[in-house]
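The lines below spell out each chain.
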Amino acid sequence: MALESASLLKAGLVLLMAVQVLPAVSGCNRGFYERVINDFCLAKFKFDMGGLDRGLWCSWPDTTEIYEGLTNCTYQVALRMDCFWPNQIVDHFFMHIHRIYFHNCALTGRLLHYPPIRILAPFIAALPVLITLLMTALVVWRSKRTEGVL
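Residues numbered from 1 in each chain as written. Predicted model: local features only at pLDDT ≥ 70, side-chain atom pairs only at ≥ 80, totals over all residues. Heavy atoms only, no water.

J.: When you look at the overall build of the protein chain in this model, what are you seeing that I'm missing?
T.: If you tally the helices and strands in the protein chain, you get five helices and zero strands. Shown N-terminal to C-terminal, the secondary structure of the protein chain runs as helices and strands in the order α-α-α-α-α. The long-range share in the protein chain, meaning contacts at least 24 apart out of those at least 6 apart in sequence, stands at 69%. Accessible surface for the protein chain amounts to roughly 12100 Å². Of this, 68% is attributable to carbon and sulfur atoms. (Helix = DSSP H or I, 4+ residues; strand = E, 2+ residues; numbered from the N terminus. Contact = heavy atoms within 4.5 Å. Areas by Shrake-Rupley, 256 points an atom, 1.4 Å probe, with all protein chains shown as cover.)

Below, the structure written as C-alpha cells:
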C-alpha cells in the first residue's frame, strides 16, 4: 500500500511539473504566429490602406485608425497563441510595414517645433525685464531693513 501511494505521489509530482513546464516550452509557435499575422493582420491592413488615397499614407490623422487596428490585431493574435507581445517577430513585421508604406514620409509632423512668436516673445522680452525689476525691488527693500542683517 505504501509503495502504491509513493508511486502515485511520484506520478502526481511528474504531472505537476509537466503542467508547469510544457506551456512555457510549447506555448508560442513562432512560425505559425508569423504566418497568422501575415495572413490575417497584414491582409486587412493592405485592404484598408488600399482604400486610402496614396497621398494620405503619410497623414497620421488619416492612417492612425488603420495603424492602431494593425497593432491591436498583432496583440490579439499573440494573446490567443500564448506569445509574448511585443516580440521580435512583431518588430520585424512593423519594420517591414514601414519600409513598404511609410518610407517616403517626412518626419516634419513628428519633429519638435519652436512655439509661435506670440508665445515666445513674452518669455524673451518681458520675463527678463520683470525679473530684473523684482530683483532690484528686493535689494532696495532689503537694504532699508538693517536690523538682523549681520
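Right, picking up where we left off after that structure.
J.: Which parts of the structure should I look at to understand the pattern of salt bridges?
T.: Per the counting criterion, the structure on display carries one salt bridge. With its nearest N and O atoms 2.8 Å apart, the salt bridge here joins Asp 48 to Lys 44. Of this pair, Asp 48 and Lys 44 both sit in helix α2 (residues 30–50), four residues apart, which is roughly one turn of the helix. (Salt bridge = Lys/Arg side-chain N within 4 Å of Asp/Glu carboxyl O.)

J.: Honestly, the confidence of the model for the protein chain in this entry has me stumped. Any pointers?
T.: Detailed reading of the predicted coordinates is not advisable wherever pLDDT falls low. Of all residues in the protein chain, 75% have pLDDT values of 70 or greater, and the mean over the chain is 80. Scored below 50 in pLDDT, residues 11–24 shows two contacts in the model against residues more than four places distant or in partner chains. (pLDDT = per-residue confidence, 0-100.)

J.: Explain the nonpolar core to me, please; I cannot follow it from the model alone.
T.: Inside soluble globular proteins, nonpolar side chains tend to come together where they are buried. Membership of the largest hydrophobic core comes to 24 residues, with the highest contact counts inside it found for Tyr 33, Phe 45, Met 49, Ile 97 and Phe 102. Secondary-structure elements contributing two or more residues to this core are α2, α3 (60–80) and α4 (88–101). Other than its neighbours up to four places away in sequence, Tyr 33 contacts Thr 74, Val 77, Ala 78, Met 81, Cys 83, Trp 85, Asn 87, Ile 89 and Val 90. (Core = buried A, V, L, I, M, F, W, Y, C linked by side-chain atoms within 4.5 Å. Buried < 20%, exposed > 50% of the residue type's maximum accessible area, 1.4 Å probe, protein only.)

J.: Whenever I open this one, the UniProt feature "transmembrane region" (unreviewed entry) in the protein chain confuses me. Can you help?
T.: Within this structure's numbering, the places UniProt gives as "transmembrane region" (unreviewed entry) are residues 119–141. Annotation note: span residues 119–141, helix share 100%, strand share 0%, distance between end C-alpha atoms 32 Å. (UniProt positions renumbered as here; feature names shortened; annotations may be inferred.)

J.: Help me understand the state of the cysteines in this model?
T.: Here, the word disulfide means a covalent bond between the sulfur atoms of two cysteines. Applying the stated criterion across every chain, the model contains three disulfides. Covalently, Cys 41 is tied to Cys 73 through a disulfide, its sulfur atoms 1.9 Å apart. The S-S bond linking Cys 41 to Cys 73 shows a torsion near -80°; that makes this disulfide left-handed. Taken together, the positions of Cys 41 in helix α2 and Cys 73 in helix α3 put the pair 32 residues apart, joining distant regions of the chain. One disulfide in the model links Cys 58 with Cys 105; its S-S distance is 2.0 Å. The S-S bond linking Cys 58 to Cys 105 shows a torsion near -85°; that makes this disulfide left-handed. Of the two residues, Cys 58 sits in the loop between α2 and α3 while Cys 105 sits in the loop between α4 and α5 (117–144), which places them 47 residues apart along the sequence. Residue Cys 58 is classed as partly exposed on the basis of its relative accessible area, which comes to 39%. Residue Cys 105 is classed as buried on the basis of its relative accessible area, which comes to 12%. In the protein chain, the bonded cysteines, numbered by position in the sequence, are linked as 1-5, 2-4, 3-6. (Disulfide = S-S within 2.5 Å.)

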